[in-house]
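Listed here are the chains, written in short residue letters.
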2 protein chains.
Amino acid sequence: MSEVEVLKIAATSAPKAIAGAMATVIRNNKQVELQAIGAGAVNQAVKAIIIARGYLSPNGIEISFAPSFTNVEIDGEERTALRFAIERK
Amino acid sequence: MSEVEVLKIAATSAPKAIAGAMATVIRNNKQVELQAIGAGAVNQAVKAIIIARGYLSPNGIEISFAPSFTNVEIDGEERTALRFAIERK
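Residues numbered from 1 in each chain as written. Chains lettered and ligands numbered in written order. Predicted model: local features only at pLDDT ≥ 70, side-chain atom pairs only at ≥ 80, totals over all residues. Heavy atoms only, no water.

(A) Structural detail: the overall build of chain A. Scanning chain A for helices and strands turns up two helices and four strands. Shown N-terminal to C-terminal, the secondary structure of chain A runs as helices and strands in the order β-α-β-α-β-β. For 89 residues, the compact-globule formula gives about 12 Å, and the C-alpha radius of gyration of chain A, at 13 Å, lands near that figure. C-alpha extents for chain A along the principal axes are approximately 40 × 30 × 15 Å. In chain A, which comprises 89 residues, the proportion classed as buried is 43%. Partitioning the intrachain contacts of chain A with sequence separation of at least 6 by distance along the chain shows that 65% fall at a separation of at least 24. By element, 46% of the accessible surface of chain A is carried by carbon and sulfur atoms, the whole surface being about 4,600 Å². (Helix = DSSP H or I, 4+ residues; strand = E, 2+ residues; numbered from the N terminus. Rg over C-alpha atoms; globule rule 2.2 N^0.38 Å. Buried < 20%, exposed > 50% of the residue type's maximum accessible area, 1.4 Å probe, protein only. Contact = heavy atoms within 4.5 Å. Areas by Shrake-Rupley, 256 points an atom, 1.4 Å probe, with all protein chains shown as cover.)

(B) Representation of the packing of helix α1 (residues 15-27) of chain A against helix α2 (residues 39-56) of chain A. All names here are of chain A. Where α1 meets α2, the closest approach of the two axes is 8 Å, and the angle between their N-to-C directions is 50 degrees. Classed by the angle they form, the pair α1 and α2 counts as oblique. The interaxial crossing formed by α1 with α2 has right-handed handedness. Contacts from Pro15, Lys16, Ile18, Ala19, Gly20, Met22, Ala23, Ile26 and Arg27 of α1 reach α2 at Gln44, Lys47, Ala48, Ile49, Ile51, Ala52, Tyr55 and Leu56. (Axes fitted to C-alpha atoms, helices over the stretch in contact; angles between N-to-C directions. Parallel < 35°, antiparallel > 145°, perpendicular 65-115°, else oblique. Left-handed = near helix turned anticlockwise from the far one by under 90°.)

(C) Summary view of the nonpolar core. Counting 53 residues, the largest nonpolar core has Met22 and Phe84 of chain A together with Met22 and Phe84 of chain B as the members making the most contacts within it. Not counting the four nearest positions on each side in its chain, Met22 of chain A is found in contact with Leu7, Val32, Leu34, Ala48, Ile49, Ala52, Ile63 and Ile86 of chain A. (Core = buried A, V, L, I, M, F, W, Y, C linked by side-chain atoms within 4.5 Å.)

(D) A look at the environment of Ala17 of chain B. Relative to the assigned elements, Ala17 of chain B resides in helix α1 (residues 15-27). Remark: the alpha-carbon pair of Ala17 of chain B and Ala48 of chain B, spanning 31 residues in sequence, is separated by 8.0 Å.

(E) View of the pattern of salt bridges. A full pass over the atoms with the stated rule returns four salt bridges over all chains. Among the salt bridges present, the one from Lys89 of chain B reaches Glu87 of chain A, with a minimum N-O distance of 3.1 Å. Taken as a pair, Lys89 of chain B in the segment after β4 (77-88) and Glu87 of chain A in strand β4 (residues 77-88) lie in two separate chains rather than in one. In this structure, Glu33 of chain B engages Arg83 of chain B in a salt bridge whose closest nitrogen and oxygen atoms are separated by 2.6 Å. Taken together, the residues Glu33 of chain B in strand β2 (residues 31-36) and Arg83 of chain B in strand β4 connect sequence positions 50 residues apart. Comparing Glu33 of chain B with Arg83 of chain B, the two get one shared label, buried. (Salt bridge = Lys/Arg side-chain N within 4 Å of Asp/Glu carboxyl O.)

(F) Molecular detail of the interface of chain B and chain A. Counting from both sides, the interface comprises 21 residues of chain B and, opposite them, 21 residues of chain A. Summed over both partners, the interface of chain B with chain A buries about 1,600 Å², with 73% contributed by carbon and sulfur atoms. Considering only the side of chain B, the residues that lose the most area to chain A are Ile50, Pro67 and Phe69 of chain B, jointly responsible for 31% of the buried surface there. Taken together, the links from chain B to chain A amount to two salt bridges. Linking chain B with chain A are six residue pairs in polar contact (both at pLDDT 80 or more). Elements represented by at least two residues in the side of chain B that touches chain A include exactly α2 (39-56), β3 (63-74) and β4 of chain B. When residues in the side of chain B that touches chain A are grouped by element, the largest group, 10 residues, is from α2 of chain B. Broken down by class, the residue content of the side of chain B that touches chain A amounts to 12 nonpolar, five polar and four charged. (Buried area = accessible area lost by both parts, 1.4 Å probe. Polar contact = N/O pair within 3.5 Å; in protein donor to acceptor, adjacent residues only side chain to side chain. Nonpolar A, V, L, I, M, F, W, Y, C, P; charged D, E, K, R; others polar.)

What follows is the structure in structure tokens.
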């Protein structure tokens, strides 16, 4: 079983920077997941996935994603986060 | 080539209702795409995808999504929308 790298996305995260990090992990044949809490962060995560698709497509790597809900504890409080598992085809 | 049903998602759209509509289209072996403009709408679209995964999983149908940018004209103005193409596995 391979290790999964989880990238935590904020509403202020730059989609291009996230996409670059994702592309590097995927090119190294590792698994990557994005985690986002709140509409602004989810929006940046989706933009990052689109940009990463563009980065990886010339390498013949096609990706899609499977989203899910996950509970995370932040400062002792339980929050619902969205998790995007990236699938390499 | 099969016809693609495009569901337009707003920030006020109810994720469960979108998910129900998506699941029906997918069970009928038709293609469905979600289109969202703005962070609130994108967030509802992703939630709908997660809920639809739950609706379809008991039918042995697994789905993932490939997002992309698309330009749409609204009231004569060009806007960037996010398009989520569903992939049935």
